Amino acid sequence: MSRPPFIAIGLLSACVLAYEVLLTRLFSIVLWHHFAYMIISAAMLGYGASGTALTLLKEKIASHFGAVYVMAAAALAVLMPASFLLAQQIPFNPLELLWDKTQPVKLLAVYLLMMLPFFCGGLGIGLVFSHFGKQAPRVYAFDILGAGAGSLGVIGVLFLVPPQQVLSVLAALTFAAAAIAVVELKLRPKWLMELFFGLAVLAAVALPGIPVQSSDYKDFSQAMNIAGARVIEERTSPLGQITVVENTRVPLRHAPGMSLNATSEPPPQLGVFVDGDGPSALTQFDGNLAPLAYLDQLTSALPYHILGSHEQHGPRVLVLGAGPGSDVLQALYHHSAAVDAVELDRNVTGLVRQRFRDYAGNLYSRPGVHVYELEARGFVNATDKRYDLIQVALLDSFGTASAGLYGLSENYLYTVEALQAYLGRLTPGGMLAVTRWLSLPPRDTLKLFATAVSALEQNGVANPATRLAMIRGWKTVTLLVKNSDFTASDIAATKEFCRARSFDLAWYPGMRADEANRFNILPQPYFFEGAVALLSPQRQDFTDQYKFYIEPATDNRPHFFRFFKWNAAAEIFSLREHGGMSLFDWSYPLLVATLVQAIAASVLLILAPLALSRCRRTLPAAPVALYFLAIGFAFMFMEIAFIQKFVLFLSHPLYAVAVVLCAFLVFASAGSWLAGHCQSARWQAANKVTFAVIAMGALALFYLAALPQLFHSLIHFPDTAKIIISAALIAPLAMCMGVPFPTGMMRLAGTAEEAIPWAWAINGFASVVGAVFATLLAIHLGFATVILLAVLIYGVACAALKSFA
Amino acid sequence: MKRHFALGVLLFFGFSFPLHSEGFDAARHKMVEEVLADTGATSSYSGIPALSPSVIKAMGKVERHRFVPTALSALAYLNRPLPIGHGQTISQPFVVALMTDLMKIKAGDRVLEIGTGSGYQAAILAEIAGAVYSIEIIEPLGKEADTRLKTLGYRNVQTRVGDGYYGWSEAAPFDAIIVTAAASHVPPPLLKQLKPGGRMVIPLGTQFMTQYLMLVEKKQDGSVTNRQILPVAFVPLTGEH
């Protein structure tokens, strides 16, 4: 048994990473997507706890290495579907988190259940490191090469197979990994190999798709509770699970925030849900515009009335986030000359173009309508067209927006740089219109207003006040940003539009205080007062004193939906049971809670058992702990910051996760391999790591300076080219990052072999906490700072290594 | 030690022994006091200086524990929303009281409710109004609520399972309408069924959290005004208390 099970370890690692990515998809469908952070943290905790188990049981396991390894792999195969199935049985409801004291306990139970498969995976991989310490670089290379292939491969598979069926594919592959290990390790009895291959075939063929039950409180579940609702189409891709619901008994009538004065009703519609959120309306259309009159009763119709007052021909319109077409219909209703509709998800446009082509009146193939299946920023950067109106559609649901569920997600649609890009594509006199749900007291609308002010200022506009207008209905707010000053006729059209629909003026150049708050009366004219303050020299004071975070979002800190402020947290928390629950932007506290939970669980499952065990007497000095702690933190900081940085370039978080993670892992694997082959005296462990860290620092600084410009110039390239470019950019950095871990492991293998599992556990702990902490830091300090911190921490690791190498 | 631990766990998880009728009465009394305190704290935001006596009386009389799942009856008088199945909730008592007060219902009024849910809001309305018409879109909930309201003797409540978009034209016009079911817009037919001078209340938000309340008033000339009310004592700027 002199050769490590390279193929088995690669496959096992691929399955574990694929499972991690798959869980983020499954949890998006069952709950909401920000639980992805919990999954990453659970995965790392499982790895860390496995290191502790190895440290404590090393002597007992050593003589049964092969058997324990294959059993760990087989247990992983069983737990992959079983843990998810069991986790779904726990009645965890995030919406009750602050009402019900049992919910945090249920969350912890889900967390621990999801940790179990990763514990088994980590046990298998850690066992190989422990057993073949001197070959650590090669083991590490296969480990992370497999991880890279798994994270990218699962994205490809998710285009073809629904996520619940991918679970059985992964279980089968993991059984296959166990079977291959039996061969590679020459284990007896031989029928073990046949057994595991048999189980693999059984899992692939006989294991049915695991039922995925959405939370009862998700929009899709609510729609399906209504008598007569039925699913008439389902499509799946890594971007989301699309479900189309029809109800002929109680039809969907989606007209968000329609004027109270309206007498028209929407025509028949189908509800389109993405991962159970929504719905967006796919509206029946036969070419007759009259039934679309309701679309003129929404706040988003305002720009057509302004443009209509001085356009000879209909406006040329760009709709960003076209979905199943409501905003395109609105543009057609207002006799637009041409409509370009940008929608990222081909499954959504496919519904309108193919499956419901007749129902939708061939909307996306009508004369003058062009559909681009691209990401909004990418399209805007690439196109040289000019538009009279750019509409940013309201695609997120009122429920998820008002429940503060987006607080952690990056959004590159509403940043200063995004608004500048949109304004750069407008014709003279053209305008950008952004519609958001109304929240009280105002949050996103004031943040959007502040972002628009900042964008105009950065475009060199001396007085942004003259180029902004904002109106509000009872449920939606529309902000207009014009690329020239609003004229008297524009303002007259705005006033008339609002008067006829009982919408309120929130800002136009020259607006008087007594014109605000007339139809939808608030205790105070919050929106007008906010707009005035954000346009005044006291802007920063107002922003600082406002109890929600409304600083403009930027590409460096693109968390548009983060409104949480620590200094208001105590007051808002105290009001939660006194009508103030909706003030709580709880996705952010959930991240903090995940961090606390991760630290507590790590201490309990990783550090405490080590502290209580006999092995602490044999542990090496503190520098070893510091080294593995530091490289764990720094790797996660770098990886997570770069994933976020590439979201803009690669158009979607999931693509960014898959491509960046894969590139990082594959090239870190190559770096590890190289480190293993540089065994000359000149390349002492400390020298290797120092060289790698210096190179890493230089590359990170170069990327910080150059990436924004590079992305801007290359964003219009085809997807395949962008993936290759991303991999090429990450390659040198990742190769350097692949050096410290195996180098440290090899160092221990030569001097203190018993400390290898311990170092694996410490590194696991740092990765658990580091993953969550990096996100928290990015929200507060921006991605650039997180990258700089990673370089600094690598420097600390370097110093620590010198003291024990 | 173990006993202390077990007791602590029980208390932490909010379990308690089943309350007897007297226990429920005392809990309800305490709940009403909490609702009154919340109303007082938010009076300058809601425009309601104090709940009307009829609303206080109704809140003190209607047995909320009969409108929640049996397993949750011990939590029935906490001032919080509770799940009632089918992804629906029974609203927080404070919000129920506020919405009821905003409707300014008088004895003999006809009230329409869209979204029966458990039937609790209908029961509160029935204590004050002359006749309550309530429509539920989720069939099992609507049937359960109908049985429950009949069992509890609410003869002035009529329920129906179906689409609430077109209201209840046979019983229209109404002095007040409450729309507790989520809707992307206010159905025009409902506004038509509101009497001139009538009031319509709509809570906006999600299950378990009401963000704001809408109070739509129909003037004698048929035009409408809308007030948006935050059900919480909160000033968005520091230093403005």
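Residues numbered from 1 in each chain as written. Chains lettered and ligands numbered in written order. Predicted model: local features only at pLDDT ≥ 70, side-chain atom pairs only at ≥ 80, totals over all residues.

Draft legend 1. Structural view of the overall build of chain A. Each helix and strand counted, chain A has 28 helices and 13 strands in total. Taking 2.2 N^0.38 as the reference for a compact globule, 805 residues should give roughly 28 Å; the C-alpha atoms of chain A span a radius of gyration of 28 Å, in line with that estimate. Counting only C-alpha atoms, chain A reaches 85 × 55 × 50 Å along its principal axes. Looking at chain A residue by residue over its 805 residues, the buried ones come to 61%. Taking as baseline every contact in chain A between residues at least 6 positions apart, the subset at least 24 positions apart corresponds to 79%. (Helix = DSSP H or I, 4+ residues; strand = E, 2+ residues; numbered from the N terminus. Rg over C-alpha atoms; globule rule 2.2 N^0.38 Å. Buried ≥ 20, exposed ≤ 12 C-beta atoms within 10 Å, placed from the backbone. Contact = placed C-beta atoms within 7 Å.)

Draft legend 2. Representation of the interface of chain A and chain B. With 48 residues of chain A at the contact, the number on the chain B side is 46 residues. Every element with two or more residues in the side of chain A that touches chain B is listed here: helix H8 (219–224), helix H13 (398–402), strand E13 (520–521) and helix H20 (576–580) of chain A. In terms of residue count, the dominant contributor to the side of chain A that touches chain B is H20(A) (4 residues). Of the residues that constitute the side of chain A that touches chain B, the class distribution is 25 nonpolar, 16 polar and 7 charged. As paired strands, E13(A) and strand E9 (residues 224–229) of chain B are joined by 2 bridges and run parallel to one another. Bridge assignment links A:Asn520 to a residue of E9(B), and that residue is B:Asn226. (Nonpolar A, V, L, I, M, F, W, Y, C, P; charged D, E, K, R; others polar. Pairing = 2+ DSSP bridges.)

Draft legend 3. Geometry of the confidence of the model for chain A. All names here are of chain A. Per-residue pLDDT for chain A has a mean of 87; in total, 93% of the residues score no lower than 70. When pLDDT is averaged over each element of chain A, strand E10 (residues 468–472) comes out on top at 98 and H13 at the bottom at 51. In the model, residues 400–405 has pLDDT below 50 throughout and makes 23 contacts with residues more than four positions away in sequence or in other chains. (pLDDT = per-residue confidence, 0-100.)

Draft legend 4. Local environment of the confidence of the model for chain B. Considering every residue of chain B, the mean pLDDT works out to 88; 90% of them sit at 70 or more. In the predicted structure, residues 1–17 of chain B sits below a pLDDT of 50 and forms 8 contacts with residues beyond four places in sequence or in another chain.

Draft legend 5. A look at the sheet that holds strand E2 (residues 240–247) of chain A. All names here are of chain A. The sheet built from 4 strands is open, its strands ordered E1-E2-E3-E4 with antiparallel pairing. The sheet is open, and its two borders are formed by strand E1 (229–237) and strand E4 (277–283), each paired with just one other strand. If you compare each strand with its neighbour and ignore which way they point, the axes differ by 25° on average. Pairing analysis gives 8 bridges linking E1 to E2, with the strands arranged antiparallel. Bridge pairing in E2 places Arg-230 opposite Glu-246. Each of E1, E2, strand E3 (269–274) and E4 touches helix H11 (residues 346–355); the most contacted strand, E1, lies at about 120° to it. (Axes fitted to C-alpha atoms, helices over the stretch in contact; angles between N-to-C directions.)

Draft legend 6. Fine view of the sheet that holds strand E7 (residues 194–206) of chain B. Pairing is mixed in the open sheet, where 8 strands are placed in the order E13(A)-E9(B)-E8(B)-E7(B)-E6(B)-E3(B)-E4(B)-E5(B). On the outer flanks of this sheet lie E13 of chain A together with strand E5 (157–161) of chain B, each paired with one strand and no other. Running at roughly 160° to E5(B), helix H7 (residues 139–151) of chain B makes contact with strand E4 (131–136) and E5 of chain B of the sheet.

Draft legend 7. Just the packing of helix H4 (residues 102–131) of chain A against helix H27 (residues 756–781) of chain A, in detail. Residue and element names in this part refer to chain A. Relative to each other, H4 and H27 sit at 140°, their axes nearing to 9 Å. The angle between H4 and H27 falls in the class oblique. Crossing handedness for the pair H4 and H27: right-handed. Residues Gly-122, Gly-126, Phe-129 and Ser-130 of H4 form the contact with H27, whose own contacting residues are Ile-756, Pro-757, Trp-760 and Gly-764. Residue classes in the contact of H4 with H27 are distributed as 4 nonpolar, 4 polar and no charged. (Parallel < 35°, antiparallel > 145°, perpendicular 65-115°, else oblique. Left-handed = near helix turned anticlockwise from the far one by under 90°.)

Draft legend 8. Examining the pairing of E4(B) more closely. Residue and element names in this part refer to chain B. Within E4, 5 of the 6 residues are buried, which leaves the element mostly enclosed by the surrounding structure. Relative to E4, strand E3 (residues 110–114) is paired through 5 bridges, and the arrangement is parallel. Of the residues in E4, the one forming a bridge with Glu-113 is Ser-134. Two elements, E4 and E5, share 5 bridges in a ladder whose sense is parallel. From the neighbouring strand, Tyr-133 faces E5, where its bridge partner is Gln-158. Once the chain exits E4 it traverses H7 before rejoining the sheet at E5, and the crossover so formed is right-handed. (Right-handed = clockwise from strand over helix to strand, strands pointing away.)

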